[in-house]
Amino acid sequence: MSPLGGPDWLRASAGAMSAFAPSDWLALDRQRDSLLVHEKPRVVLELFESLAGEPSFGYEINMYRHGLQAATFALRDGRDEETVVVALLHDIAFTLARDMHGAIAAMVLGPHISEANRWMLVHHPVFLDHHTPGHPSVDRDARERWRGHPHFEWTATFVERYDQAAVSAAEEILPLDAFRPMAERVLARRHGAAGGAAA
Ligand SMILES: [Fe+2]
Ligand SMILES: [Fe+2]
C-alpha cells in the first residue's frame, strides 16, 4: 500500500470506487486538494528538470535552456512573477506531444494563471510561425485568424520577446534556482477550482 500524506488521513478501503461512502469521498477530495498544493509544483519542476540533458536537435540550446532563457528575458524586462514562470514552462510538454504542447502547458498551468497567459500558451506555436521568414513552408500569417482577439497583442509580444528570441547560447541564461521559488508560488495558488471526484 502506498503511504498516506498525513498521520490523520483516511484510507478508503472499501474495494472498488463504487463502494466508497460519502464520508470516503469527502476525505479523499480534501486530502487530494491538500496533497496537490505541494505535489504539483514538485512534479512540474521535476518534469522541467528532466529536460536538462536533452539534445537540442540543432539549435544552439535545448528546450531546458530555452525555457530558462525565456524566463531570464521576461525577468530582465520586469514582467510579473506569473509571466516569468509561464516563460520558464511554456514548452514543458514539447517532447511529450509536440503538436499539442501549447495546449498541454495551458492545461497544466491554467488553474494558476490569468486567462491572457492561458490563451497565449495555447496559441504560442502558431504565433511563433510569424518569426520564421526563412522557413520554406511555414505560413507566417496563420496567426492572423485571431487578429482582434483580446489576447492577440500579448501573445504576439510574448512570442517575439521571450520565445523566438530565446535560442542563443551567447545570451544570458539564469539557472533554475533563480526561478524555482517563483514557480512553486505560482503553481501552489489557484485561479479557479477544478471539479470532479476521483483522482
Ligand atoms: Fe512552444
Ligand atoms: Fe518556445
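Up top is the structure.
Residues numbered from 1 in each chain as written. Chains lettered and ligands numbered in written order. Predicted model: local features only at pLDDT ≥ 70, side-chain atom pairs only at ≥ 80, totals over all residues.

Re the overall build of the chain
Here's step 1: The secondary structure content of the chain amounts to seven helices and zero strands.
Here's step 2: For the chain, the α and β elements follow one another from N to C terminus as α-α-α-α-α-α-α.
Here's step 3: Counting every position in the chain, which comprises 199 residues, the buried fraction comes to 28%. (Helix = DSSP H or I, 4+ residues; strand = E, 2+ residues; numbered from the N terminus. Buried ≥ 20, exposed ≤ 12 C-beta atoms within 10 Å, placed from the backbone.)

Examining the environment of Glu 60
Here's step 1: Positionally, Glu 60 belongs in the loop between helix H1 (22-49) and helix H2 (63-76).
Here's step 2: Those residues in contact with Glu 60 that lie beyond four places of it in its chain are Val 167, Ser 168 and Ala 169. (Contact = placed C-beta atoms within 7 Å.)

Let's talk about the packing of helix H3 (residues 81-89) against helix H7 (residues 180-188)
Here's step 1: It is the contact of H3 with H7, at a shortest axis distance of 9 Å, that shows an interaxial angle of 105°. By the angle class used here, H3 and H7 are roughly perpendicular. Where H3 abuts H7, its residues Glu 81, Glu 82, Val 84, Val 85 and Leu 88 lie against Met 182, Ala 183, Arg 185 and Val 186.
Here's step 2: By residue class, the composition of the contact of H3 with H7 is six nonpolar, no polar and three charged. (Axes fitted to C-alpha atoms, helices over the stretch in contact; angles between N-to-C directions. Parallel < 35°, antiparallel > 145°, perpendicular 65-115°, else oblique. Nonpolar A, V, L, I, M, F, W, Y, C, P; charged D, E, K, R; others polar.)

As for helix H4 (residues 101-109)
Here's step 1: Looking at H4, one finds that the buried residues are His 101, Gly 102, Ala 105, Ala 106 and Leu 109. For H4, the angular spread of the buried residues around the axis is 140°, confining them to a single face.
Here's step 2: As for H4, its buried residues are in contact with H3 and helix H5 (115-128). (Arc of directions from axis to C-beta.)

Some words on the nonpolar core
Here's step 1: Membership of the largest hydrophobic core comes to 36 residues, with the highest contact counts inside it found for Ala 71, Leu 88 and Leu 89.
Here's step 2: Within the residue set of this core, elements represented by two or more residues are H1, H2, H3, H4, H5, helix H6 (152-163) and H7.
Here's step 3: Per-element tally for this core: the top contributor is H2, with eight residues.
Here's step 4: Not counting residues up to four positions away in its chain, the partners in contact with Leu 88 are Gly 67, Leu 68, Ala 70, Ala 71, Phe 179 and Ala 183. (Core = buried A, V, L, I, M, F, W, Y, C linked by C-beta atoms within 7 Å.)

Brief notes about H6
Here's step 1: Inspection of H6 places Thr 155, Phe 158, Val 159, Tyr 162 and Asp 163 among the buried residues, and these make up the whole buried set. Considered in projection along H6, the buried side chains sweep an arc of 110° and stay on one side of the axis.
Here's step 2: Buried residues along H6 sit in contact with H2, H3 and H5.

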